Amino acid sequence: AGIALGPDFKHAPPPDGGFSPWPGGSGGVARLDCPHLGNSEVLRIYKEVQIHGEVSLKRNVQRLVAASKYRVKPKTQRSFAVRVAGVGAIAGTYQRVGAHADRPLYRSETGAIIYWRPESKTWCINDKEDFTAFRCCAPEDPNFDSNEPPRVGWATPDDECGILDAGIFKKALEDKGLRSDDVRRLYEVLNVKKDGHGLAGWFADRDLVFRQLNGRNFDNEWKQLNDPPFAAEEAWQAGVEASQQSLLADAGLAACEVVETAHPYEARTHTWHQEVKIPGADSLHVHFSQKCCTFDNCATARIFAGGLHRNAAGIGARVEVVPMGSTSKVWGTVCGGGAGTSAWTVRLDHRDDGALADSNAADEAGEAGVAGGDEEWPKEGDEVEARYKTGFWYKAKIIEIETEVDWYKAERVPVSYKIAWKDGEKEDIEKTPSQIRRVSVARENHKDLEDLPRYGSVPGSSSLCCALCLENPRSVQVKYSAGKKAPPVGDEIAAFKLDRGSPLAPVSVAGFTGTGPAQDAGVEAGWFLDLEKSMKGPSKSKLVQVFKGFGGVTIPEGTKPSIKVVNRLLDAIFGDLDEALKRLNSQVR
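Residues numbered from 1 in each chain as written. Predicted model: local features only at pLDDT ≥ 70, side-chain atom pairs only at ≥ 80, totals over all residues. Heavy atoms only, no water.

## Some remarks on the packing of helix 2 (residues 166-176) against helix 3 (residues 180-190)
And step 1. For the pair helix 2 and helix 3, interaxial distance at closest approach is 10 Å and the crossing angle is 150°. In terms of orientation, helix 2 and helix 3 fall into the roughly antiparallel class. Here the hand of the crossing between helix 2 and helix 3 comes out right-handed. Residues A166, F169, K170, L173 and E174 of helix 2 pack against S180, V183, L186 and Y187 of helix 3.
And step 2. Taken together, the residues of the contact of helix 2 with helix 3 sort by class into 6 nonpolar, 1 polar and 2 charged. (Axes fitted to C-alpha atoms, helices over the stretch in contact; angles between N-to-C directions. Helix = DSSP H or I, 4+ residues; strand = E, 2+ residues; numbered from the N terminus. Parallel < 35°, antiparallel > 145°, perpendicular 65-115°, else oblique. Left-handed = near helix turned anticlockwise from the far one by under 90°. Contact = heavy atoms within 4.5 Å. Nonpolar A, V, L, I, M, F, W, Y, C, P; charged D, E, K, R; others polar.)

Okay, structure coming up:
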C-alpha cells in the first residue's frame, strides 16, 4: 500500500481549487507496508523460522504468502492426495486415480477407495473397490468444493468405535461392582449376535458388544443408569483390560502385561511412566508391537527393574502405601516394624514435612516457572481448577468471563468467571479470580500425600504423617439398631477420636462404654473407622442425613444421594474433620 504525494497524479486536482504541494514534502509515492513482508530472502540462508510461544493469526500475522512456484506449477504435477486418519484399516493416503459418477475417485495403497455415491448424495470410503458398500460416509459440504471429499462430517463405522466380547464385557462390569440389571440393560441395547455382525478373525464366532451401534452409544446409555458406582470411561476400560488379559491367556502369555500410551500422544516435551508388576518373575522380556512408533527419533523408552525384596525390608526402606478403598499410592519410609513383625509404621511423603523441604522447594520452583508466563490466562474454554463451596478444588472449564474497566491501567480486567464443572455439577458456578487456579500437576517422580486431595488437607499444621500397615489387615462390618437384638452405637462405643498424624485413616474408636456387636466381631479401641466405605455402604442414607448440609452440599428432598453427592460430602468431611467428629459423636449414638 502507498500514498501518491504528487506532483504526477493520475487525476490532477482542480485548477481553481487552491491546491498546492505540502511544504517540505518529498513527493512521489510513500510506501506504507513493509518491503520485506512475504520475502523469504530476508531470512538469508534459512528457509524457515521457528516461533516458540503462542501465535495469533489475528494479532501477529499480517499476511500468509505462498511461493510463486505453487501458482505456476502445472496441474499435472500437483498432488491431489487425501489423507485419512483415525479409522483403523481404511486409514492412509489416497491418490486421485480417475473418476466415478462424474466425481474424482481416490485409491490407497491397500486398495481402499473414496468415491461419490449419487443415490445417497454422499462421499464414501470402502476398504475395497466395491461401489455398492462403504465403511464410512459423509454428506457433501456446502462450504467446500463439491468435486473433493469433505474434510468434516464423516460418520465413523460402528466397528471402528470399539468392540468387546459379550461374555468378557458382562463379567468385567459385574466384577467391578455394577448391578446385574444394569449390565443386562447395556448388553441388550449394544449386543450383536455372532451370526449378525459379519466380522472375521478373533470376532467371527463371538457375540459382541459395540461401543456405538445403530445411532446409540455406550456413553449415552450409561447416563440412563440409576447412580452407577463409576464413570462410563472407567467401565469400558475395565472391559478393554479384561479383553487384553483374555487375549494374552489365549496366546499362552497370561503372565504378561500390556503397556501403552494414549494414541496419539502429544507432540511436545513430556514424560510418561507406568508401573508393571509380575509376581514371581525372575527375568523380564520386552516385545514391541509392529505398529509401535514415536513422533520422532528423539523419544526414548527406559525400563527400571529391581526393587527391595519384602523379606529384607526394614526401617529406612522406601515403600508404597495404598489408602483404604483406593488404587492410588503414596510413597513413604518405614520408620517402625518391618519384615517379621505384625505391623509396619510408614512415614508418608508430605510436602510440608521438614524432611522433604529442600527437595520440594526446588521442584515447586520449577513447577511455578512452567505454570507462569501467560498473561491472558484464563481464557474462555481453558480448563482450570475451581474451589467448590466445600473448600475442595475440582476441575472445571471457563465458559464466560465478566470484566470491568480498571481506570488506572486503562484496560478491562476480569472480576468473575462462569464455569462448567467437569463432573456435571450445576451448583456454585460463579467464581471470583481467587477461586480459580491452574490445573495442578503432580511432581515428577513423586507420589506425595498432596497428590490425593481428600487426604492432603488432613494433617493441617502437623508435619509428621504416618500410616499403620498391618501384615494381615482385617475389616468388619457392624450392624446397629434400636431394637433389643443390637443396641444403638452409643451404648457400646464411647466416642470416636481424631488423629491428624494418620491422614489416611484419621478417625478411630476412642473406647467402649459397654458390650455390643462391634466387640463381638473383634473390634478393639484404636480400630479405624472407614469413612468412605461407611458412607457408600448400607448406612449411606442415614449417614448422609447426619452430614446433610455439611460444607454447603445440598440434597434435594425425596431423592436418593448419588455417588457424586456422597463424594462431595466426603471431601467436605475430610476438609473439616473437627466439625465432622462433633457430628459423629453427637448424632451417631
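Having seen the structure, we can now continue with the description.
## Focus: unusual backbone geometry
And step 1. Non-glycine residue D102 carries a positive phi angle of around 65°.
And step 2. In this structure, D102 sits in the loop between strand 4 (92-100) and strand 5 (103-108).
And step 3. Unlike most non-glycine residues, K121 shows phi in positive territory, near 55°.
And step 4. Tracing the backbone through its elements, the reader meets K121 in the loop between strand 6 (113-117) and strand 7 (122-126).
And step 5. Take K121: its relative accessible area is 60%, and that puts it in the exposed class. (Buried < 20%, exposed > 50% of the residue type's maximum accessible area, 1.4 Å probe, protein only.)

## Notes on the sheet that holds strand 17 (residues 383-387)
And step 1. With antiparallel pairing, the 5 strands of this open sheet are ordered in space as 20-19-18-17-21. Looking along the sheet, the strands with just one partner apiece sit at the ends: strand 20 (430-431) and strand 21 (436-437).
And step 2. Both strand 18 (residues 393-406) and strand 19 (residues 411-421) contribute to a ladder of 10 bridges, which runs antiparallel. When the bridges of strand 19 are listed, I401 appears paired with Y417. (Pairing = 2+ DSSP bridges.)

## Section: the pattern of salt bridges
And step 1. Scanning the entire structure with this criterion turns up 34 salt bridges.
And step 2. The closest approach of N and O atoms between R107 and E129, which form a salt bridge, is 2.9 Å. Separated by 22 residues along the polypeptide, R107 in strand 5 and E129 in the loop between strand 7 and strand 8 (136-139) bring together distant segments of the chain.
And step 3. What you see here is one network of salt bridges that share partners, running through E275, E320, K329 and K447. (Salt bridge = Lys/Arg side-chain N within 4 Å of Asp/Glu carboxyl O.)

## Some points on the side chain of D182
And step 1. With respect to the helices and strands, the residue D182 is situated in helix 3.
And step 2. One polar contact links D182 to R179, side chain to side chain, over a distance of 3.0 Å. (Polar contact = N/O pair within 3.5 Å; in protein donor to acceptor, adjacent residues only side chain to side chain.)

## A look at a nonpolar patch on the surface
And step 1. Together, L284, V286, F288 and I303 make up an exposed nonpolar region whose accessible area comes to about 430 Å².
And step 2. For V286, a relative accessible area of 44% translates into the label partly exposed. (Patch = residues over 30% accessible without salt bridge, like charges linked within 9 Å, V, L, I, M, F, W, Y side chains within 5 Å. Areas by Shrake-Rupley, 256 points an atom, 1.4 Å probe, with all protein chains shown as cover.)

## Let's talk about the packing of aromatic side chains
And step 1. Per the stated rule, a full pass over the model turns up 13 aromatic pairs.
And step 2. For the ring pair W222 and F230, a centre distance of 5.5 Å and an interplane angle of 35° mean the geometry is tilted.
And step 3. Residue class for W222 comes out buried when judged on its relative accessible area of 5%.
And step 4. Joined through ring pairs, the aromatic side chains of F169, F218, W222, F230 and W236 make up one cluster.
And step 5. A cation over a ring is seen here: K176 above F230, with NZ or CZ 5.1 Å from the ring centre. (Phe/Tyr/Trp six-rings, centres within 6.5 Å; stacked < 30°, edge-to-face > 60°. Lys NZ or Arg CZ within 6 Å of the ring centre and 35° of its normal.)

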